[in-house]
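What follows is each chain in one-letter form.
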Amino acid sequence: MDQTTRPNDPDGNKRIRILAAWALMLLVSDVPDILSHHACGSVPVWLFWIKMGLIAVFALACPLVKSIRPLWQFAVVFLVFYVAIQTSAWVGDTSWWQGRFGGSEVSFTSGYVGIYIRDVGLALAVIATLWVLKRRRSEFFLVTGRLDAPIEPVRWLGIRAGESWRTFGWIIALIAGAGVAIPMALSARPTIETLSRAAPLLPAALLFAAVNAFTEEIYFRASFLSTLHELVGKQHALLITSVYFGLNHWLYGSPPGLVGFLMTGFLAWLLAKSMLETKGLLWPWFIHFVPDAVIFATYAILWVQR
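Given the structure is predicted, the values throughout are model-derived calculations rather than measurements. (Residues numbered from 1 in each chain as written. Predicted model: local features only at pLDDT ≥ 70, side-chain atom pairs only at ≥ 80, totals over all residues. Heavy atoms only, no water.)

Peer 1: Would you explain the overall build of the protein chain in this entry?
Peer 2: Within the protein chain, the regular secondary structure consists of 12 helices and 0 strands. Of the regular secondary structure in the protein chain, the N- to C-terminal order runs α-α-α-α-α-α-α-α-α-α-α-α. By the compact-globule yardstick of 19 Å for 306 residues, the protein chain fits well, its C-alpha radius of gyration being 20 Å. With respect to the principal axes defined by its C-alpha atoms, the protein chain has extents near 70 × 50 × 40 Å. Taking the contacts inside the protein chain whose residues are at least 6 apart along the sequence as the reference set, 74% of them involve residues at least 24 apart. For the protein chain, the accessible surface area stands at approximately 15,300 Å², while carbon and sulfur atoms represent 68% of it. (Helix = DSSP H or I, 4+ residues; strand = E, 2+ residues; numbered from the N terminus. Rg over C-alpha atoms; globule rule 2.2 N^0.38 Å. Contact = heavy atoms within 4.5 Å. Areas by Shrake-Rupley, 256 points an atom, 1.4 Å probe, with all protein chains shown as cover.)

Pasting the structure below:
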């Protein structure tokens, strides 16, 4: 039975869970980083440790407070994610790692291999945690899903009743790719010579785009949705993961700031919607991969230009 409609679960508890999930997400998101950056011009290292402490306190409070008790899995996965982020950063800062994957002399391929070895490790930590908590891959969307699943109508997007993800998945992916292709082309301004020199890097760029799309769908989407949507409802689960993803691109996105937040947050909402409605990973991964392919191809061009 859907946990949001259990007879012994009064509506008041659901409202408290919604508020608690939103509060935790915002407190440990990039909101404190954004405020610190605008106030002081930098983000202190200790801020990340404060966030980890808040998640740990929330996780410990869940068994003690009845109204938020069902959120314990959300808190545990969130904490594992942050511990994995810190562990990845430690590994990346070691002299051994920097000697192999860092420095200005490292090639385009080697530099990104170093990044994505650690990123895959992060995703695997989240997957292992979800597997222990959920027992079945389908419970955290690590399956193909139903590719022709019906899409819930969204009037303002022109999505009507009876439409399917088999059609809209392609449409959204192509629009997302085109949406990033224009600003990327303007930033790189490639010449024929540059394109020919960057062409050998294209297979690596596509591989990195595929890996990035997979890992981010695991720890930004599957982790949130599998532990939240039955407890706070579909719409809040979609918004919580989308706002978190958008905030993650406020300071470090391309473009940064409000525009980057809105662009990536909206894409995240569509990705999360596809994951929930198809009950799988393939459509959100593919929709995510297409714009990432454009972005990483542009990175290859910029690397050649440099």
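Peer 1: Just checking my understanding: could you explain empty space enclosed by the protein for this structure?
Peer 2: Empty space left among the atoms is revealed by rolling a probe the size of a water molecule over them. The tally for this structure, following the rule as stated, stands at 1 cavity of 30 Å³ or more. Empty space within the largest cavity amounts to approximately 50 Å³. For the largest cavity, the full set of lining residues is Phe74, Val77, Phe78, Phe81, Tyr219, Ser223 and Phe224. Only α4 (72-93) and α9 (202-232) provide two or more residues apiece to the lining of the largest cavity. Among the elements that line the lining of the largest cavity, the one with the most residues is α4, at 4 residues. Within the lining of the largest cavity, the residues separate by chemical class into 6 nonpolar, 1 polar and no charged. (1 Å grid on protein atoms, 1.4 Å probe; cavity = no way out; pocket = protein on both sides within 12 Å on 5 of 7 lines; lining within 4 Å. Points joined across faces, edges and corners; volume = space filled by probe spheres on them. Nonpolar A, V, L, I, M, F, W, Y, C, P; charged D, E, K, R; others polar.)

Peer 1: Can you help me understand α4 in this one?
Peer 2: Residues separated by three or four positions in an α-helix point in the same direction, a consequence of the helix having 3.6 residues per turn. The terminal C-alpha atoms of α4, which comprises 22 residues, lie 32 Å apart, in line with the 32 Å expected from a rise of 1.5 Å per residue. For α4, the full list of buried residues reads Gln73, Phe74, Ala75, Val77, Phe78, Phe81, Tyr82, Ala84, Gln86, Ser88 and Gly92. (Expected span 1.5 Å × (residues − 1). Buried < 20%, exposed > 50% of the residue type's maximum accessible area, 1.4 Å probe, protein only.)

Peer 1: How do you make sense of the pattern of salt bridges when you look at a structure like this?
Peer 2: Where charged atoms of side chains with opposite charge meet at close range, the side chains can pair. Under the definition given, this model contains 8 salt bridges. The closest approach of N and O atoms between Lys51 and Asp33, which form a salt bridge, is 2.3 Å. Of this pair, Lys51 sits in helix α3 (residues 46-61) while Asp33 sits in helix α2 (residues 31-40); the two residues are 18 residues apart in sequence, bridging distant segments of the chain. When its relative accessible area of 4% is taken as the criterion, Lys51 is described as buried. With a shortest N-O distance of 2.6 Å, Arg221 and Glu217 are connected by a salt bridge. Of this pair, Arg221 and Glu217 both sit in helix α9, 4 residues apart, roughly one helical turn. Side by side, Arg221 and Glu217 carry an identical accessibility label, which is buried. (Salt bridge = Lys/Arg side-chain N within 4 Å of Asp/Glu carboxyl O.)

Peer 1: Honestly, the side chain of Thr298 in this entry has me stumped. Any pointers?
Peer 2: Its location among the elements puts Thr298 in helix α12 (residues 282-305). On the basis of relative accessible area, Thr298 is assigned to the buried category, the value being 6%. With sequence-adjacent residues up to four places away left out, Thr298 is seen in contact with Met184, Ser187 and Ala188.

Peer 1: Quick question: what am I supposed to make of the packing of aromatic side chains here?
Peer 2: One pass over the structure, following the stated rule, counts 35 aromatic pairs. By the ring-pair criterion, three or more aromatic residues cluster together here, those being Phe48, Phe74, Phe78, Phe81, Tyr82, Tyr219, Phe220, Phe224, Tyr244 and Phe245. The cationic tip of Arg221 hangs over the ring face of Phe245; the distance from NZ or CZ to the ring centre is 4.5 Å. (Phe/Tyr/Trp six-rings, centres within 6.5 Å; stacked < 30°, edge-to-face > 60°. Lys NZ or Arg CZ within 6 Å of the ring centre and 35° of its normal.)

Peer 1: Would you mind showing me how to read the nonpolar core here?
Peer 2: The nonpolar side chains of a soluble globular protein tend to be buried with one another. The biggest cluster of nonpolar side chains holds 90 residues, and the ones touching the most others in it are Phe78, Phe81, Tyr82 and Leu228. Counting residues per element, this core draws most heavily on α9, at 15 residues. When residues no more than four places from it in sequence are discounted, the contact partners of Tyr82 are Val28, Ser29, Phe48, Lys51, Met52, Ile55 and Tyr244. (Core = buried A, V, L, I, M, F, W, Y, C linked by side-chain atoms within 4.5 Å.)

Peer 1: Would you mind showing me how to read the packing of helix α6 (residues 108-134) against α12 here?
Peer 2: Helix-helix packing: each pair is described by the crossing angle between the helix axes and the interaxial distance. At a closest axis distance of 11 Å, the pairing of α6 and α12 adopts a crossing angle of 135°. Looking at the two axes, α6 sits oblique to α12. Between α6 and α12, the residues in contact are Phe108, Tyr112 and Tyr116 and Phe296, Tyr299, Ala300 and Trp303, respectively. Tallied by class, the residues present in the contact of α6 with α12 amount to 7 nonpolar, no polar and no charged. (Axes fitted to C-alpha atoms, helices over the stretch in contact; angles between N-to-C directions. Parallel < 35°, antiparallel > 145°, perpendicular 65-115°, else oblique.)

Peer 1: Explain the side chain of Thr215 here, please?
Peer 2: Among the secondary structure elements, Thr215 is positioned in helix α9. A distance of 3.2 Å separates a polar atom in the side chain of Thr215 from the backbone oxygen of Asn212. Apart from residues no more than four positions distant in its own chain, Thr215 is found in contact with Asp119, Val120 and Ala123. (Polar contact = N/O pair within 3.5 Å; in protein donor to acceptor, adjacent residues only side chain to side chain.)

Peer 1: How do you make sense of the confidence of the model for the protein chain when you look at a structure like this?
Peer 2: Close reading of the predicted structure is inappropriate where its pLDDT is low. Confidence along the protein chain averages 92 in pLDDT terms, with 96% of residues attaining 70 or more. Every residue in residues 1-7 scores below 50 in pLDDT, and together they form 17 contacts with partners more than four places removed in sequence or on other chains. (pLDDT = per-residue confidence, 0-100.)

Peer 1: Any chance you could explain a nonpolar patch on the surface here in plain terms?
Peer 2: A cluster of nonpolar side chains, namely Leu27, Trp46, Ile50 and Leu54, defines an oily patch on the protein surface of about 410 Å² accessible area. The greatest single-element share of the nonpolar patch, amounting to 3 residues, is contributed by α3. Considering the arrangement of structural elements, one finds Leu27 in helix α1 (residues 11-28). Owing to a relative accessible area of 49%, Leu27 belongs among the partly exposed residues under this scheme. (Patch = residues over 30% accessible without salt bridge, like charges linked within 9 Å, V, L, I, M, F, W, Y side chains within 5 Å.)

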